[in-house]
Amino acid sequence: MARRAVGGAGPHGDDFSFVSPVVKYVLFFFNMLFWVISMVMVAVGVYARLLKHAEAAMACLAVDPAILLVVVGVLTFLITFCGCVGSLRENICLLQTFSVCLTVVFLLQLAAGVLGFVFSDKARGKVSEIINGAIVHYRDDLDLQNLIDFGQKEFSCCRGVSYKDWSQNIYFNCTATNPSQELCSVPFSCCLPDATEAVINTMCGQGMQAMSYLEASAFIYTNGCIDKLVNWIHSNLFLLGGIALGLAVPQLVGILLAQILINQIRDQIKLQLYNQQHRADPWY
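Bear in mind the structure is a predicted one, so any value in this text is a computation, not a measurement. (Residues numbered from 1 in each chain as written. Predicted model: local features only at pLDDT ≥ 70, side-chain atom pairs only at ≥ 80, totals over all residues. Heavy atoms only, no water.)

**Q** Help me out: how do you make sense of the pattern of salt bridges in this one?
**A** Side chains that differ in sign of charge can pair as their charged atoms come close. Applying the stated criterion to the full structure yields 2 salt bridges. With its nearest N and O atoms 3.1 Å apart, the salt bridge here joins Glu90 to Lys24. A residue pair is termed long-range when its members are at least 10 positions apart, and Glu90 in the loop between helix H3 (65-89) and helix H4 (92-118) and Lys24 in helix H1 (residues 21-50) qualify at 66 residues. Owing to a relative accessible area of 29%, Glu90 belongs among the partly exposed residues under this scheme. (Salt bridge = Lys/Arg side-chain N within 4 Å of Asp/Glu carboxyl O. Helix = DSSP H or I, 4+ residues; strand = E, 2+ residues; numbered from the N terminus. Buried < 20%, exposed > 50% of the residue type's maximum accessible area, 1.4 Å probe, protein only.)

Written out as structure tokens, the structure is:
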């Protein structure tokens, strides 16, 4: 009586394995790399949070770059942990968890990109809200302050819509009752660069909000950062597309390898069951 084939491949000896070592260990080292990166991200984020004063840290929790780093790091750690252990132990449950999570992340990124393009006005409004929240806490968080200063210098802009929006910050508020020494000022990162200065003048934005656009434009950037950011995106669509592709390819490769390994493990389980049954019943 002929033996029945397993997965269409026919009977095999006990030493045969459907699981490819190449697929298994490529997936393992692929996840190991991102697992290590995620641990570094979490460590840096936690360290940055511990350096901050408790009151200031809680005040700007929603716009804290350290929190974003920790959240992304933890999610990456959990997903890649499933991929590492699942591939090494040939565990279908962990591999399926890894594959599903990676698929969800990929679809969310794709949906965010499509929705951001289709509903560009609403996306712009959301960006404005985030920038407004960040500006309010500009002096409360050094990491956030450095990030805003970097963005303003990089894009040659000041604030979200215009330089006078800095009045939303209590230190730069342009009202007569404001006791701050930075009354009606803007951060030094709004100032036009001066090649003759060897040291940056951090008080160069003093009193700029009290000036008209024409007067202030001789000393600071008067254009808002949102318009500058939108123009930069339109001018660098190919670059952004390349970055998006660079993020998508590793995810798709991970999903593909996980599915291949899952199918190989299932075939291996069928082969083991077949061999066990054959040893118990030679006529099976």
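**Q** Would you mind going over helix H5 (residues 120-136) with me for this structure?
**A** Within an α-helix, residues lying three or four positions from one another point in the same direction, as the helix has 3.6 residues per turn. Relative to the 24 Å expected for 17 residues at 1.5 Å per residue, H5 spans 24 Å between its end C-alpha atoms, a close match to the ideal helical length. All buried positions along H5 are accounted for by Ser128, Ala134 and Ile135. Down the axis of H5, the smallest arc covering the buried residues is 125°, so these residues share one side. Turned more than 90 degrees off the buried face of H5, the exposed positions are Lys122 and Glu129. Looking at the buried positions of H5, the neighbouring elements they touch are helix H6 (142-155) and helix H8 (225-235). (Expected span 1.5 Å × (residues − 1). Arc of directions from axis to C-beta. Contact = heavy atoms within 4.5 Å.)

**Q** It is not clear to me how the packing of aromatic side chains should be interpreted in this structure. Could you clarify?
**A** Between two aromatic rings, the relevant description is the distance of the centres plus the angle of the planes. In total, this model carries 10 aromatic pairs according to the counting rule given. Geometrically, the ring pair formed by Tyr138 and Trp166 is edge-to-face, given 5.0 Å between the ring centres and 75° between the ring planes. In this pair, Tyr138 sits in the loop between H5 and H6 while Trp166 sits in the loop between H6 and helix H7 (213-216), placing the two residues 28 residues apart along the sequence. Judged by its relative accessible area of 0%, Tyr138 is buried. (Phe/Tyr/Trp six-rings, centres within 6.5 Å; stacked < 30°, edge-to-face > 60°.)

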